[in-house]
Structures are given as structure tokens and as C-alpha cells.
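The chain contents come next:
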Amino acid sequence: MKLTLWARRAVYLCALLTALAGQMFDVGWIFHYIFFLTLTLPLLSLLLSLPGILGLRLRLAAAGHQTPRNMPASWSLTAGNRFGLPVSCVTGRVRLRCAFTGESSSFPVSLRGAAPGVSASWNVVTSHCGLVECSVSRLWAWDCLGLLAFPLRSFPADTLLIVPLPEEPRRLVLPGSSGNTVPVPKGKAAIGEDYELRPYREGDALRSIHWKMSAKRDELVTRELLAEKRPLPILTFDHFGDPDTLDRVLDRLAGCSRALLKREQPHAVRWLEPKTGAVREYAVGCEEDWLRCLTAIFRDPVPPEGIRTGSLGNGGDDFFQIHITGTGESPCPEL
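A brief report on the enclosed structure follows. Treat the numbers as computed from the prediction; the structure is a model and nothing was measured. (Residues numbered from 1 in each chain as written. Predicted model: local features only at pLDDT ≥ 70, side-chain atom pairs only at ≥ 80, totals over all residues. Heavy atoms only, no water.)

Observations concerning the packing of aromatic side chains
When we look at a pair of aromatic rings, we describe it by the centre distance and by the angle of the planes. Following the criterion strictly, the structure yields four aromatic pairs and no others. Between the aromatic rings of Phe-100 and Phe-298, the centroid separation amounts to 4.9 Å while the plane-to-plane angle is 65 degrees, which identifies the pairing as edge-to-face. With a gap of 198 residues between them, Phe-100 in the loop between strand 4 (87-98) and strand 5 (103-114) and Phe-298 in helix 5 (residues 287-299) connect regions that are remote in the sequence. With 6.0 Å between their ring centres and 5 degrees between their planes, Trp-271 and Tyr-282 make a pair best called stacked. (Phe/Tyr/Trp six-rings, centres within 6.5 Å; stacked < 30°, edge-to-face > 60°. Helix = DSSP H or I, 4+ residues; strand = E, 2+ residues; numbered from the N terminus.)

Structure (C-alpha cells):
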């Protein structure tokens, strides 16, 4: 656009010098009129364009906030105007950046005849999972002749979440079916007991009455069974490697998390920051939690090599680990 700007200004300067030369060598009124008109033309163009420029409102938006991998996606820059006036041209530079894969690109964008509702769009590469950030900088609005440009106020960048394609695990056994459950008191209970004692309440079954304790306390005492606690599944993965391998890992991670959510099983996702080894962990209890966790995963850049997520061991009654890899068959955790 800089070459175009200087080319237009050069054409205008040649026209102005020609009108000036005609006025110098001819005393007729026509050359005085042409010179005055040529001299004031940029000012007239500015006065005509200024209301539309002052009322210009631009909006950057993706077709959706998220899209599955390998599906079409695009961004658009749309013009609006509170005065309903058009603008000759709007130019800027688009920058796309994905922190997860480290990929970035930039290219110019323009809106010619930027009347309200006019937009320019561009496609986004979605071959790998990630959080793509789009920003538009160096925004300029041009007058009718294209001789003068006014800088426009920048606006926040927009993001697009490219989500994995969930790969369902081959089979999933819920906690409780394999004996991995432990009693947890609803209130306070003695260690080693599988129930707690409380005063009798109307409606309690006779078989729940603890007769020996009732005789000792000289009042009816009822046994209340303890609630059941399921050990928390923790899904782990290695946050490094090539993009294709990570796509497979994330597909399996998403499939395992979705299968747990379908069975109303809360869980956690844990990984290590590949360079510092800092622990990243997010609790997942619903789809919104999963998207929040996925966004956090994509905000950490992924190097070819990094620190492997160590084994958490057997958490006993508290948790158990399911490590997701991109090799072999899809995991089939015994929960």
C-alpha cells in the first residue's frame, strides 16, 4: 500500500506542477481556475471523507469460537458506521499466531468501498489442534483520493479454538464396579466403621437401630450407612513432541474425558510444563471445564523434546492415573 500511496501522491504532484506551469506561462483565467481547483482538491476530499472516517466501526470475528481439526474456519473484518456513510478504503495487516505449535503468519487486508456491512474474510489453517490468535494492526482509513490516511484505533485480538477429534476408549468401567470405592462418612464416624451412629428419627427402619448402643445410651440410636467415594481419575500426557503425535494424544485425551463426563465422573487433567517442569492441573466436571483445560494446554508452547510426566503411582483411595500416549491402541482404563 505504500507504493500505491506514493504513486498517487506523485500523480497529484505532477498535476499540481502542470497547473502551476500553465498559470505561469498563460495569464488566462482558465489556468488560474485549474490551479486553484488542483490545489484545494485534497482539502475537499478530506472534508467529504472525514464524517465517514469518524463514524467508522470495525469488527473482527471468527465464524465460530471453536472448530474441530481439519474443518473449514475463517475470520472476517466487517465495517460498520454510526452515520451510515461509506469510507473509500481501509487497510491493515493481519497476524495469525498459534502459541501451541509456534506457527505464525501475516498478510495485508483491505476493505475497498467500506460501506456498512462490507467485509473481508480469510481462511485459517486447521490441520493441527491449537488456539489461534488473530489480530489486525496498522489500520488506516483513506480519503476519497487516496492521498491522506488516518490511523484507526486498534481493537482486541480474537481467538479460535481448534479442538481435537475425540477418540472413544475401547471400554470404560465405572468406579464401583471393580471394587475401587471406599466408604466416606456423611458426618463423623469412627475409624474402621462402615456406618455412623445418630439419634433415631421418625421413619427410620427398625433393622437400622443399633440395639446394644441404644441400651447403653438409654435412647434409640440408628446406624446410618456411609456414602461411597470414587477415586479420582487423573488423565496425564506428555506436553511435547511433533504436531501429528500430539494431535493423536489430544484425540485420545478428549475421548477419554468425554467418556468420563458422559458417566458423570469428575476427573482431572495433569501435565508438566515442558521446559520448567511446573505442574499444570485442571479439574474437569463439565464440558465448559474441559474447554477451559484445553485452552490452558494450548497456551503452553510445545517443543520437540521436554520433561516427561512422571508416574503418580497408585493413589489408593484418593486417585489413580491414566497416562495417554499417541502410540499403540487407544487407552481402555479400568476405573
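A few points about the state of the cysteines
A complete count under the given rule lists zero disulfides for this structure. Its sulfur unpaired, Cys-98 is 9.4 Å from the next cysteine sulfur, which belongs to Cys-129. Overall, the relative accessible area of 7% leaves Cys-98 in the buried class. (Disulfide = S-S within 2.5 Å. Buried < 20%, exposed > 50% of the residue type's maximum accessible area, 1.4 Å probe, protein only.)

A look at helix 4 (residues 243-262)
Look at helix 4: 28 Å from first C-alpha to last across 20 residues, which is about the 28 Å you get at 1.5 Å a residue. The element helix 4 is largely enclosed, with a buried count of 14 among its 20 residues. Where helix 4 begins, the side chain of Asp-242 points an oxygen toward the backbone nitrogen of Asp-244, at a separation of 3.2 Å. Where helix 4 ends, the next residue or the one after it, Glu-264, has phi of about 55 degrees, a positive value. (Expected span 1.5 Å × (residues − 1). Polar contact = N/O pair within 3.5 Å; in protein donor to acceptor, adjacent residues only side chain to side chain.)

Considering the side chain of Asn-81
In this fold, Asn-81 is placed in strand 3 (residues 74-81). Given the relative accessible area of 13%, Asn-81 is considered buried. A polar contact of 2.9 Å, which involves the side chain of Asn-81, links it to the backbone oxygen of Leu-85. Beyond its immediate stretch of four places on either side in the chain, Asn-81 contacts Gly-52, Gly-55, Leu-56, Val-87 and Pro-116. (Contact = heavy atoms within 4.5 Å.)

Observations regarding the pairing of strand 14 (residues 232-236)
Strand 14 sits mainly inside the fold: four of its five residues count as buried. Summarising the sheet, strand 14 and strand 17 (residues 319-323) pair through five bridges and their orientation is parallel. Bridging from a neighbouring strand, Leu-232 pairs with Phe-319 of strand 17. Pairing geometry for strand 14 and strand 15 (residues 267-272), over three bridges, is parallel. Directly across from Leu-235, in strand 15, lies its bridge partner Val-269. (Pairing = 2+ DSSP bridges.)

Some thoughts on the nonpolar core
For soluble globular proteins, the rule of thumb is that nonpolar side chains tend to be buried together. Membership of the largest hydrophobic core comes to 54 residues, with the highest contact counts inside it found for Trp-75, Trp-122, Leu-253, Val-269, Ile-297 and Phe-298. Sorting elements by how many residues they give to this core places helix 4 first, with eight residues. Aside from chain neighbours lying at most four places away, what touches Phe-298 is Ala-99, Phe-100, Cys-129, Gly-130, Leu-131, Leu-161, Ile-162 and Leu-250. (Core = buried A, V, L, I, M, F, W, Y, C linked by side-chain atoms within 4.5 Å.)

Notes on a nonpolar patch on the surface
A cluster of nonpolar residues, Trp-29, Ile-30, Tyr-33, Ile-34, Leu-37, Leu-41, Leu-43, Leu-44, Leu-47 and Leu-145, forms a patch on the protein surface that exposes about 960 Å² of accessible area. Looking at the secondary structure, you find Ile-30 in helix 2 (residues 29-54). (Patch = residues over 30% accessible without salt bridge, like charges linked within 9 Å, V, L, I, M, F, W, Y side chains within 5 Å. Areas by Shrake-Rupley, 256 points an atom, 1.4 Å probe, with all protein chains shown as cover. Salt bridge = Lys/Arg side-chain N within 4 Å of Asp/Glu carboxyl O.)

Details of the environment of Arg-82
Its location among the elements puts Arg-82 in the loop between strand 3 and strand 4. Residue classification places Arg-82 among the exposed residues on the basis of a relative accessible area of 57%. When the C-alpha positions of Arg-82 and Gly-55 are compared, they lie 5.2 Å apart, and in sequence the two are 27 residues distant.

With respect to the sheet that holds strand 17
Ordered in space as 16-15-14-17, the four strands form an open sheet in which the pairing is mixed. With one partner strand each, in any of the chains shown, strand 16 (279-284) and strand 17 form the two edges of the open sheet. For this sheet the average axis-to-axis angle between neighbouring strands, irrespective of direction, equals 25 degrees. Of the strand pairs in this sheet, strand 15 and strand 16 are connected by six bridges, and their pairing is antiparallel. (Axes fitted to C-alpha atoms, helices over the stretch in contact; angles between N-to-C directions.)

With respect to the sheet that holds strand 3
Taken together, the three strands give an open sheet; going across it, the order is 1-3-6, and neighbouring strands pair in antiparallel fashion. With one partner strand each, in any of the chains shown, strand 1 (56-62) and strand 6 (119-123) form the two edges of the open sheet. Adjacent strand axes in the sheet meet at a mean angle of 15 degrees, parallel and antiparallel pairs treated alike.

Some remarks on helix 5
The end-to-end C-alpha separation of helix 5 is 19 Å, in line with the 18 Å expected for 13 residues at 1.5 Å each. Of all the positions in helix 5, only Asp-289, Trp-290, Cys-293, Leu-294, Thr-295, Ala-296, Ile-297 and Phe-298 are classed as buried. Where helix 5 is buried, its residues meet strand 7 (130-142), strand 9 (158-163), helix 4, strand 15 and strand 16.

So, the pattern of salt bridges
Oppositely charged side chains can form a pair if their charged atoms are brought close together. Within this structure, the stated rule accounts for eight salt bridges. Its salt-bridge partner being Arg-69, residue Asp-251 comes within 2.9 Å of it at the nearest N-O pair. Taken as a pair, Asp-251 in helix 4 and Arg-69 in the loop between strand 2 (66-68) and strand 3 lie far apart in primary sequence, 182 residues in all. For Arg-69, a relative accessible area of 9% corresponds to the buried category. One connected set of salt bridges, linked through shared partners, spans Arg-69, Asp-247 and Asp-251.

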